[in-house]
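Tertiary structure, described
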Amino acid sequence: YGSMGLDFSYNIAVAEELGNIRCGGIPMAIGVQVGMATPALTRFGSDELKKQFLVPTIAGDFVACLGISEAGAGSDVANIKTTAVRKGDEYVINGGKMWTTSGCQADWMCLLANTSEGPWHRNKSLICLPMNLPGIHVAKKIDKLGMRSSDTAQIFFEDVRVPSKNLIGEEGKGFTYQMLQFQEERLWGLVSHLLTPLETIIQETIDYTCQRKVFDQSVLHNQAVHFRLAELATEVELLRSLLYRTVALYVEDNDVTKFASMAKLKAGRLAHEVTDSCLQFWGRMGFTSEAVVSRFYRDFRLMSIGGGTDETMLSIVCKYMGTLPSK
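Residues numbered from 1 in each chain as written. Predicted model: local features only at pLDDT ≥ 70, side-chain atom pairs only at ≥ 80, totals over all residues. Heavy atoms only, no water.

Here's the deal with the state of the cysteines
We apply this condition: Disulfides are defined in this document as cysteine sulfur pairs within 2.5 Å.
For the structure on display, the rule yields zero disulfides. Cys104 supplies the cysteine sulfur nearest to Cys23, a cysteine that is in no disulfide, at a spacing of 16 Å.

Brief notes about the packing of aromatic side chains
One pair of aromatic rings is described through two measures. These are the centre distance and the angle between the planes. Our working definition: Working definition: rings of Phe, Tyr and Trp (its six-membered ring) pair if their centres are within 6.5 Å, and the pair is stacked with planes under 30 degrees apart, edge-to-face with planes over 60 apart, and tilted otherwise. For helices the rule is a DSSP run of H or I covering at least 4 residues; for strands it is a run of E covering at least 2, with both sets numbered from the N terminus onward. Each residue is placed in one exposure class: buried if its accessible area under a 1.4 Å probe, protein chains only, is under 20% of its type's maximum, exposed if it is over 50%, and partly exposed if it falls in between. Put simply, a charge is over a ring when the Lys NZ or the Arg CZ is close to the ring centre, within 6 Å, and near the line of the ring normal, within 35 degrees.
The final tally for this structure, using the stated rule, is six aromatic pairs. Taken together, a centroid distance of 4.1 Å and an interplanar angle of 15 degrees make the contact between Phe44 and Tyr177 stacked. One end of the pair, Phe44, is in helix α3 (residues 39–44); the other, Tyr177, is in helix α5 (residues 174–211), with 133 residues separating them in the sequence. Taking the relative accessible area as the measure of exposure, Phe44 reaches 29% and is therefore partly exposed. Over the ring of Tyr91 we find Arg86, and its NZ or CZ is 5.5 Å from the ring centre.

Quick notes on the side chain of Thr57
Our working rule: Here, two residues are considered to be in contact whenever any of their heavy atoms come within 4.5 Å of each other.
In this fold, Thr57 is placed in helix α4 (residues 47–59). Assessed through its relative accessible area of 6%, Thr57 is described here as buried. Discounting chain neighbours no more than four positions away, the residues touching Thr57 are Gln33, Thr38, Phe62, Ala64 and Trp108.

So, the packing of α5 against helix α6 (residues 223–251)
Rules: Structural elements are reduced to axes, namely lines fitted to C-alpha atoms, with helices fitted over the stretch in contact, and the angle between N-to-C directions of any two is expressed from 0 to 180 degrees. Relative orientations are named as follows: roughly parallel for angles under 35 degrees, roughly antiparallel for angles over 145 degrees, roughly perpendicular for angles from 65 to 115 degrees, and oblique for any other angle. Left-handed describes a crossing in which the near helix is turned anticlockwise from the far one by less than a right angle; the clockwise case is right-handed. Amino acids are sorted into nonpolar (Ala, Val, Leu, Ile, Met, Phe, Trp, Tyr, Cys and Pro), charged (Asp, Glu, Lys and Arg) and polar (every other residue, Gly among them).
Relative to each other, α5 and α6 sit at 155 degrees, their axes nearing to 10 Å. Classified by the interaxial angle, the pair formed by α5 and α6 is roughly antiparallel. For the crossing formed where α5 meets α6, the hand is left-handed. Residues Glu184, Leu187, Leu190, Val191, Leu195, Leu198, Glu199, Ile202, Thr205 and Ile206 of α5 form the contact with α6, whose own contacting residues are Leu229, Leu232, Ala233, Val236, Glu237, Leu239, Arg240, Leu243, Thr246 and Tyr250. Considering only residue class, the contact of α5 with α6 consists of 14 nonpolar, two polar and four charged.

Brief notes about a nonpolar patch on the surface
So the rule is basically this: For patch building, the residue pool is restricted to those with more than 30% relative accessible area and no salt bridge; the joining distance is 9 Å between like charges and 5 Å between nonpolar side chains (Val, Leu, Ile, Met, Phe, Trp, Tyr). Methods summary: accessible areas were calculated by the Shrake-Rupley approach with a probe of 1.4 Å, and residue burial reflects only the protein chains presented. Each salt bridge in this description consists of a side-chain nitrogen of Lys or Arg and a carboxyl oxygen of Asp or Glu lying within 4 Å of one another.
Residues Tyr1, Val55 and Ile58 make up a contiguous nonpolar surface patch of roughly 240 Å² in combined accessible area. The partly exposed category is assigned to Tyr1, whose relative accessible area is 43%.

Digging into the pairing of strand β7 (residues 152–163)
To keep things clear, this is the line we draw: Think of it this way: DSSP has to see at least two bridges between two strands before they count as a pair.
Taken together, the nine bridges between strand β3 (residues 90–101) and β7 define a ladder with antiparallel strand orientation. Within β7, the residue paired with Gly95 across the bridge is Phe157. Bridge analysis of strand β6 (residues 136–141) against β7 gives five bridges, and the strand direction is antiparallel. Paired with Lys140 across the two strands is Gln154, which belongs to β7.

Notes on the UniProt feature "domain: Acyl-CoA dehydrogenase/oxidase N-terminal" (unreviewed entry) in the protein chain
So the rule is basically this: UniProt positions are given in the numbering used here, feature names are shortened, and annotations may be inferred rather than shown by experiment.
Taken from the UniProt record, the annotation "domain: Acyl-CoA dehydrogenase/oxidase N-terminal" (unreviewed entry) applies to residues 1–61. Along residues 1–61 the backbone is 69% helical and 0% strand, and the end-to-end C-alpha distance reaches 13 Å.

Some details on the domain arrangement of the protein chain
The condition that has to hold: Here the limits of each domain have been adopted from an automatic or database domain assignment. Here the quantity called buried area is the total loss of accessible area, with a 1.4 Å probe, experienced by two parts when brought into contact, counted for both.
Per the domain assignment, the segments of the protein chain are domain 1 (37–166) and domain 2 (176–321). Here the C-alpha centroids of domain 1 and domain 2 sit 29 Å apart. Facing the 16 residues of domain 1 at the interface are 18 residues of domain 2. Buried surface at the junction of domain 1 and domain 2, both sides included, amounts to about 1,400 Å², of which 65% is carbon and sulfur. Remark: the boundary between domain 1 and domain 2 carries zero salt bridges. Top element by residues in the side of domain 1 that touches domain 2 is α3. It accounts for four residues. Here the side of domain 1 that touches domain 2 is built from residues that sort into 11 nonpolar, three polar and two charged.

As for the nonpolar core
As a reminder, the rule being used: The set of buried Ala, Val, Leu, Ile, Met, Phe, Trp, Tyr and Cys residues whose side-chain atoms join them within 4.5 Å is what this entry labels a nonpolar core.
Ranked by internal contacts, the top residues of the largest apolar core, which has 65 residues, are Leu41, Ile168, Leu190, Leu243, Val274 and Cys278. By residue number, the principal contributor to this core is α5, which donates 12 residues. Looking at which domains feed residues into this core, each of domain 1 (37–166) and domain 2 (176–321) gives three or more. Leave out the neighbours within four places in its chain, and Leu243 touches Ile12, Leu187, Leu190, Val191 and Leu195. One finds Met109, Ile127, Ile155 and Leu167 within the second-largest nonpolar core, a separate group that totals 18 residues.

Some thoughts on the packing of helix α2 (residues 25–36) against α5
Two numbers describe how α2 lies on α5: the axes approach to 9 Å, and their chain directions differ by 150 degrees. Judged by the angle between their axes, α2 and α5 are roughly antiparallel. With respect to the hand of their crossing, α2 and α5 are arranged in right-handed fashion. For the pair α2 and α5, the contacting residues are Pro27, Met28, Ile30, Gly31, Val34, Gly35 and Met36 in the first and Gln181, Glu184, Glu185, Trp188, Ser192 and His193 in the second. Looking at the contact of α2 with α5, its residues break down into six nonpolar, five polar and two charged.

Let's talk about the pairing of strand β4 (residues 108–114)
Burial of β4 is extensive: seven of the seven residues sit out of reach of the surface. Taken together, the four bridges between strand β1 (residues 64–67) and β4 define a ladder with parallel strand orientation. The partner of Leu66 across the bridge, within β4, is Cys110. Direction of pairing for β4 relative to strand β5 (residues 124–130): antiparallel, over a ladder of seven bridges.

This is how it looks when you write it as structure tokens:
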């Protein structure tokens, strides 16, 4: 279908390189294409669907988006309200999606919707939804604290008709498919948004504090400063080790839900810690838009929210540890 047929470890290598872009929104938009909106289509979609949607997405001719979150259902995916009712050889879609990355410019959406009234984990399906159909309304581009170069949309569906052949895989398997997609999303986000950028922030802070003079000596000369930077660099390397272990297991078709959730949790919290500590060492300059550390401070606050909150990651880890009952 136009790809190179490489395993997921190559995605991670690309994500690490994209982390050199000093703007979180660009790697995030690319990540939606390669690791959020397309994995389920790649694994479970029909040959016809792949030719229609996957081929132009890989080629870069189509922009894809992922329609999961709603105004009342963010990390609580089971609680989505959007419906896709089967009528003849079509689905009729009603509802809406929120926080949709690339939603203002997308050519198609990987949509999660309720296709029956059964149990929440069996009543959902994934559908390839062209975004130029009648009844699709992109309500607004959301103004955000960070990731400002990435468009994030609120979208409504009013009696949108889509062919039933646009169903990805089996009806009722959408929740399971989406949980699998989340693993790649979380690992991509961790790498492209954090590993390389956090290294960059630490190095930029070393350079700046070496030059900045306070009380006739460089800020870096203070033991509290260079010890703190050493601690942060160590934490980043520990996160890298967990990531690489998780990716190696994933490539071998192991269930990495626990490790991916641990890595996502640690990444979000480390993003706060590194950006906040480094910004402090920049002083007032760190509070300006001119300093790259202030952009990272805003952009990477998303890591503890998007793709599943810290609290959601903790719940997943607890279930795998057996400290919480499974539902």
